[in-house]
Amino acid sequence: MRHTPLFPTPRAWRATAAFVAALALCPAWAQRAPVVVDGELWLSSTPEVRKAFLVGAGSMIAMETAYASKKGTPPPVAGAMARDALQALTLDQIAERVTRWYQAHPSRRNMPVMGVIWIDMVDPPAAAK
């Protein structure tokens, strides 16, 4: 199975860097409430933006794991569970599963993407509880 690297091309790296720079340079955005990516925003985004979101989420998990390792503490449980559940999947596969979930549950498009990933891929039995 072929895995998609975090930044498969220099263009993807530049696009992500430009996005992060734009966020850092826009103080007006800093004053707004945080954006929660839900089904409406996910489905209206391009595949590249969807993958950029997933790269960001994966980077946070990696950062938490590295920080815990440096401090000699166990990594956060949720991050470790997500890493273990998703490590065999490509970004395209994760994105497609999230998209299919929202298409199958149109009345739940207000659910955050991270919630969909959790109940559909990380801990499906939790969704039944």
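What you see is a predicted model, and the numbers here were worked out from it, not measured in a lab.

Visitor: Help me understand the overall build of the protein in this model?
Guide: A count of helices and strands for the protein gives eight helices and zero strands. Each helix (α) and strand (β) of the protein, taken in turn from the N terminus, gives the series α-α-α-α-α-α-α-α. The proportion of buried residues among the 129 residues of the protein is 24%. Residue pairs in contact within the protein that sit at least 24 positions apart in sequence constitute 57% of those at least 6 positions apart. Here the protein displays about 8800 Å² of accessible surface, and carbon together with sulfur accounts for 64% of that area.

Visitor: Explain the side chain of Ser45 to me, please; I cannot follow it from the model alone.
Guide: With respect to the secondary-structure elements, Ser45 resides in the loop between helix 3 (39-43) and helix 4 (47-71). With a relative accessible area of 17%, Ser45 lands in the buried category. There is a polar contact of 2.7 Å between the side chain of Ser45 and the backbone oxygen of Leu41.

Visitor: Hey, could you run me through the packing of helix 4 against helix 6 (residues 91-104) in this one?
Guide: Each pair of packed helices gets described by two things: the angle between the helix axes and the distance between those axes. It is the contact of helix 4 with helix 6, at a shortest axis distance of 10 Å, that shows an interaxial angle of 110°. If you check the angle between helix 4 and helix 6, you find them roughly perpendicular. Residues Arg50, Lys51, Leu54 and Val55 of helix 4 form the contact with helix 6, whose participating residues are Leu91, Asp92, Ile94, Ala95 and Thr99. For the contact of helix 4 with helix 6, the per-class residue count stands at five nonpolar, one polar and three charged.

Visitor: Can you walk me through the pattern of salt bridges in this structure?
Guide: Applying the stated criterion across every chain yields a total of four salt bridges. Among the salt bridges present, the one from Lys51 reaches Asp92, with a minimum N-O distance of 2.8 Å. Residue Lys51 is found in helix 4, and its partner Asp92 is found in helix 6; the two are separated by 41 residues along the sequence. Owing to a relative accessible area of 25%, Lys51 belongs among the partly exposed residues under this scheme.

Visitor: Looking at this structure, I do not really get the nonpolar core. What am I missing?
Guide: Soluble, globular proteins show a tendency: their nonpolar side chains are buried together. Ranked by size, the top nonpolar core spans 20 residues in total, and within it Trp42, Leu54, Ile94, Val98, Tyr102, Val113 and Ile117 carry the most contacts. Taken together, the elements giving at least two residues each to this core come down to helix 4, helix 5 (77-86), helix 6 and helix 7 (113-122). The contacts of Trp42, once residues within four sequence positions are left out, are Val37, Arg50, Phe53, Leu54, Ala95, Val98, Thr99, Tyr102 and Val113.

Visitor: Is there a simple way to explain helix 5 in this structure?
Guide: Each full turn of the α-helix corresponds to 3.6 residues, which orients residues three or four apart in the same direction. If you check which residues of helix 5 are buried, you get Gly79, Ala80, Ala82 and Leu86. One face of helix 5 carries all of its buried residues, which in axial projection span an arc of 165°. Next to the buried residues of helix 5 lie helix 4, helix 6 and helix 7.

Visitor: I'm lost on the packing of aromatic side chains in this one. Help?
Guide: What characterises a pair of aromatic rings is the spacing of the ring centres plus the angle enclosed by the ring planes. Counted by the stated rule, this structure contains two aromatic pairs. An angle of 80° between the planes, with centres 6.2 Å apart, marks the rings of Trp42 and Phe53 as edge-to-face. Here Trp42 is found in helix 3, whereas its partner Phe53 is found in helix 4, with eleven residues between them in sequence. For the ring pair Trp101 and Tyr102, a centre distance of 5.4 Å and an interplane angle of 85° mean the geometry is edge-to-face. Of the residues examined, Tyr102 reaches a relative accessible area of 0% and is grouped as buried.

Reading the values: the criteria
Residues numbered from 1 in each chain as written. Predicted model: local features only at pLDDT ≥ 70, side-chain atom pairs only at ≥ 80, totals over all residues. Heavy atoms only, no water. Helix = DSSP H or I, 4+ residues; strand = E, 2+ residues; numbered from the N terminus. Buried < 20%, exposed > 50% of the residue type's maximum accessible area, 1.4 Å probe, protein only. Contact = heavy atoms within 4.5 Å. Areas by Shrake-Rupley, 256 points an atom, 1.4 Å probe, with all protein chains shown as cover. Polar contact = N/O pair within 3.5 Å; in protein donor to acceptor, adjacent residues only side chain to side chain. Axes fitted to C-alpha atoms, helices over the stretch in contact; angles between N-to-C directions. Parallel < 35°, antiparallel > 145°, perpendicular 65-115°, else oblique. Nonpolar A, V, L, I, M, F, W, Y, C, P; charged D, E, K, R; others polar. Salt bridge = Lys/Arg side-chain N within 4 Å of Asp/Glu carboxyl O. Core = buried A, V, L, I, M, F, W, Y, C linked by side-chain atoms within 4.5 Å. Arc of directions from axis to C-beta. Phe/Tyr/Trp six-rings, centres within 6.5 Å; stacked < 30°, edge-to-face > 60°.

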